[in-house]
Amino acid sequence: MCGIIGYTGHRPALPIVLEGLEHLEYRGYDSAGVGYVLNKELTVVRTKGKLKNLRDAVSTTGSALTVTCAIGHTRWATHGIPEERNAHPHVCADKSLAIVHNGIIENYLEIKEELLAAGYSFYSDTDTEVLVNLIHFLRAKENDLLGAFSKALARANGTYAVCLIDVSNPGTLYAARKSAPLILGRGVGESFIASDVPAFLAYTREVVFLEDGEILVAEPEKHTIYRIADGCTVKRSSQLIQWGMQAAQKGGYRHFMLKEIFEQPRVLKDCLTGRINAQGNIVLPELENVAPPNRIHIIACGTSYHAGLWGQHLLEDLAQIPVSVEIASEFRYKERFLPDKNDLVLVISQSGETADTLAALERAKKEKIATLGLCNVVGSSLAREADTVIYTQAGPEISVASTKAMTSQMLMLCTLALFFARKKGLIDKRQRTLAKTLSSLAVLLEAQLPNMHRRAQSLARKYAEARSFFYLGRGHCFPLALEGALKLKELSYIHAEGYAAGEMKHGPIALIDSAFPTFVLAMNDSLYPKIRSNVVEIQSREGHIIALTNPETDIDVDDRWEIPRIIDPLQAFLILPCLQLFSYEMADFLGKDVDQPRNLAKSVTVE
Ligand code: F6R
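What counts, and where the lines are drawn
- Sequence positions are assigned chain by chain, starting from 1 and proceeding in written order.
- With the structure being a predicted model, the display of local features is reserved for residues of pLDDT at least 70 and the display and counting of side-chain atom pairs for 80 or more, all residues being used for whole-chain, interface and lining totals.
- With hydrogens and water excluded, all non-hydrogen atoms of the structure serve as input to the side-chain values.
- Any two strands between which DSSP finds at least two bridges are classified as paired.
- Note on conventions: DSSP H or I runs of at least 4 residues are helices, E runs of at least 2 residues are strands, and numbering of each starts at the N terminus.
- Fitting a line to C-alpha atoms yields each axis, with helices limited to the stretch in contact; the angle taken between N-to-C directions then spans 0 to 180 degrees.
- Definitions for this section: a left-handed crossing has its near helix turned counterclockwise from the far helix by less than a right angle. A right-handed crossing has that turn clockwise.
- Should any heavy atoms of two residues lie within 4.5 Å, those residues are counted as being in contact.
- All amino acids are sorted into three groups, where Ala, Val, Leu, Ile, Met, Phe, Trp, Tyr, Cys and Pro are nonpolar, Asp, Glu, Lys and Arg are charged, and the leftover types, Gly among them, are polar.
- Only protein chains enter the accessibility calculation, which uses a 1.4 Å probe; a residue whose area is less than 20% of its type maximum is buried, one above 50% is exposed, and one in between is partly exposed.
- It is the directions from the helix axis to the C-beta atoms that the arc portrays.

Student: Tell me about the sheet that holds strand 2 (residues 31-38), and name the residues and values.
Tutor: By definition, the strands of a sheet pair up through backbone hydrogen bonds, in either a parallel or an antiparallel sense. Reading across from one edge, 3-2-4-1-10-9-11-15 is the order of the eight strands in this open sheet, with antiparallel pairing throughout. One side of each edge strand has no neighbouring strand; the edge strands of this open sheet are strand 3 (41-48) and strand 15 (239-240). Here four bridges tie strand 1 (residues 3-8) to strand 10 (residues 190-194), and the two strands are oriented antiparallel to one another. Within the sheet, the bridge partner assigned to Ile5 lies in strand 10 and is Ala194.

Listed below in structure tokens is the structure:
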């Protein structure tokens with residue numbers, strides 16, 4: 001949520017900051033801005049709407065070319081509607097400081113009251129303008145920016161990542177974070193600060209991860225990290241990012257989402273590399289010393305939550321471990337959490353920065369329960385906070401709608417279930433077949449994707465006028481139905497609901513008529529006869545049906561969409577891309593902004 005970039009070095013800063021913002025636009029895109037010091041004066045340019053408007057408004061020629069330090073921001077509104085006056089950077093009363101901010105300062109109203117009483121005026125509805133004026137206020141007392149910055153941050157409740165510039169020290173960036181990502185990129189004679197690595201990956205792969213409770217002071221040649229609590233400096237070594245710029249570009253695809261759907265065979269391969277040994281057993285060195293838990297509590301949000309629901313079936317079925325799955329925003333505030341000391345809390349998050357998921361993790365840690373993080377982003381907050389981390393290795397996911405990350409999460413959940421099953425001595429013939437089939441999934445999916453894409457295209461054209469959709473599934477297909485509905489609504493803004501097919505007659509079927517189509521997951525499995533009956537019930541109410549099914553079934557519907565039959569529950573790895581492609585094609589056909597759907601942002605760092 002909100003993208004931050006700061007640059008100080010030897011190159012013209014504005015083109016670098018604008019380029020960085022382009023790579024961060026997935027985090028928020030309702031307004032954007034840049035700030036820099038030129039001729040001892042602070043200049044701020046802000047525009048409403050997409051980044052293109054900012055590009056048109058910012059001059060990168062003439063004297064602007066001499067600017068070698070700047071900050072930039074792309075916004076996802078929390079406080080104040082998307083208007084120029086609410087866009088970042090925000091400046092303090094005497095225009096000596098400018099700040100960009102991601103997150104929420106929860107006690108900003110209380111601080112604002114105090115500053116109003118001290119004579120300050122405000123021109124936006126944001127918490128950010130309050131923060132920069134608080135820093136200004138505290139600095140006026142002591143004439144020490146670092147001290148004022150520390151005190152202001154100590155006063156601010158909530159979550160934040162901020163980057164600050166000061167007119168009297170124009171080549172220096174000041175930054176801090178609390179439960180929101182902020183990364184330093186170290187180049188030769190230049191420093192970058194950003195919410196995410198792609199913002200500066202074209203210039204350096206050397207990164208330093210900032211921790212909560214620290215202040216970073218970055219200059220072209222060096223950087224220093226201070227602990228807010230005692231002002232002491234902190235030594236932290238840098239790390240090298242393993243993936244390159246190519247992974248963060250569209251690579252000839254129309255949209256990032258399409259590219260990421262088509263990357264899924266590669267993701268399956270990468271996730272499995274080194275995870276199956278010569279005997280066909282799953283290897284998870286991260287967990288070699290962890291005993292199979294008595295119970296697992298899976299906690300996540302959105303698509304990651306759906307992956308968790310799917311994983312529940314496998315962990316219960318294969319490893320015979322009881323599993324509960326909870327939405328992080330519910331779990332974090334539930335009155336009682338009564339875990340056993342041998343339980344495991346498994347938090348799943350693509351970004352590793354989702355505020356509710358991190359809060360849930362913190363709660364589990366307070367209860368002294370072992371925590372395992374399933375996460376895609378190396379160095380993310382979740383990866384650092386969980387007792388143990390398994391990386392899902394999907395590579396950077398840029399499209400706001402999650403696709404390949406879910407595939408990677410499901411694959412790792414499957415390996416986890418097989419791993420605990422082996423540890424419990426539960427491996428049988430079926431489980432060996434599952435492990436073997438895992439290795440062939442990538443090739444199978446790769447061969448199917450072009451056909452799937454074509455079928456999705458033709459169906460999208462036929463159903464594009466629908467205003468509502470049901471998605472139905474049973475058993476391990478039910479979480480996939482939920483995910484299919486989520487994808488359709490977030491991308492094409494068509495109302496869609498995922499249901500357990502057997503629930504339809506308990507109310508929802510009242511909605512069915514000839515204008516309300518249903519997308520059914522009707523695989524040739526043990527539940528097939530049940531789902532076929534549910535389909536007939538819908539057809540009796542004139543409902544139109546798309547059935548994703550296997551060639552062997554006899555389901556007679558408006559549109560059969562056949563995919564090869566593979567062993568349950570691995571069938572999911574062919575179902576999911578079909579659901580993703582259908583939503584993608586619907587949205588694209590309807591002219592929606594596929595990679596950046598309205599009102600959304602990739603990394604939800606506020607609650
Ligand atoms: C939907 C989507 C979201 C995320 C959710 C959790 O396409 O992307 O529902 O899955 O915001 O995000 P992570 O997995 O980063 O915690």
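Student: If you had to explain the packing of helix 7 (residues 264-272) against helix 12 (residues 404-423) to someone new, which residues and values would you point to?
Tutor: At a closest axis distance of 9 Å, the pairing of helix 7 and helix 12 adopts a crossing angle of 35 degrees. In this structure, helix 7 crosses over helix 12, and the sense of that crossing is right-handed. Note on element contacts: helix 12 touches helix 7 through Lys404, Thr407, Ser408, Leu411, Met412 and Thr415, opposite Gln264, Arg266, Val267, Leu268, Cys271 and Leu272. Looking at side-chain class alone, the contact of helix 7 with helix 12 contains six nonpolar, four polar and two charged residues.

Student: Give me helix 3 (residues 108-117): which residues, what numbers.
Tutor: Burial in helix 3 covers these residues: Tyr108, Ile111, Lys112 and Leu115. Considered in projection along helix 3, the buried side chains sweep an arc of 105 degrees and stay on one side of the axis. With respect to the buried face of helix 3, the exposed residues turned more than 90 degrees away are Leu109, Glu113 and Ala117. Contacts made by the buried residues of helix 3 are with strand 6 (97-105), helix 4 (127-142) and helix 5 (145-155). Just past helix 3, the residue Gly119 takes up positive phi, approximately 100 degrees.

Student: Quick one: what's the story with the pairing of strand 12 (residues 214-218), residue by residue and with numbers?
Tutor: Of all five residues that make up strand 12, five are buried, and the element is covered over most of its length. Burial of the side chains of strand 12 extends over both faces: Glu214, Leu216 and Ala218 are buried on one face and Ile215 and Val217 on the other. Alignment of strand 8 (residues 173-178) against strand 12, held across four bridges, turns out to be antiparallel. Within strand 12, the residue paired with Ala175 across the bridge is Leu216. Here strand 12 folds back onto strand 13 (residues 223-227), and the loop between the two strands holds four residues.

Student: How would you sum up unusual backbone geometry? Please name residues and give values.
Tutor: Residue Pro89 is reached from His88 by a cis peptide bond, and omega for that bond is 0 degrees. With respect to the element layout, Pro89 can be found in the loop between strand 4 (69-75) and strand 5 (90-91). The linkage connecting Asp568 with the following residue, Pro569, adopts the cis geometry, with an omega of -5 degrees. As for its position among the elements, Pro569 is in the loop between strand 25 (559-562) and helix 16 (572-589). In this structure, Lys40 is a non-glycine residue whose phi angle is positive, near 65 degrees. Tracing the chain through its elements places Lys40 in the loop between strand 2 and strand 3. Notably, Gln393 is not glycine yet its phi reads approximately 55 degrees, a positive angle. Within the secondary structure, Gln393 is located in the loop between strand 20 (388-391) and helix 12. By relative accessible area, which is 39% here, Gln393 ends up partly exposed.

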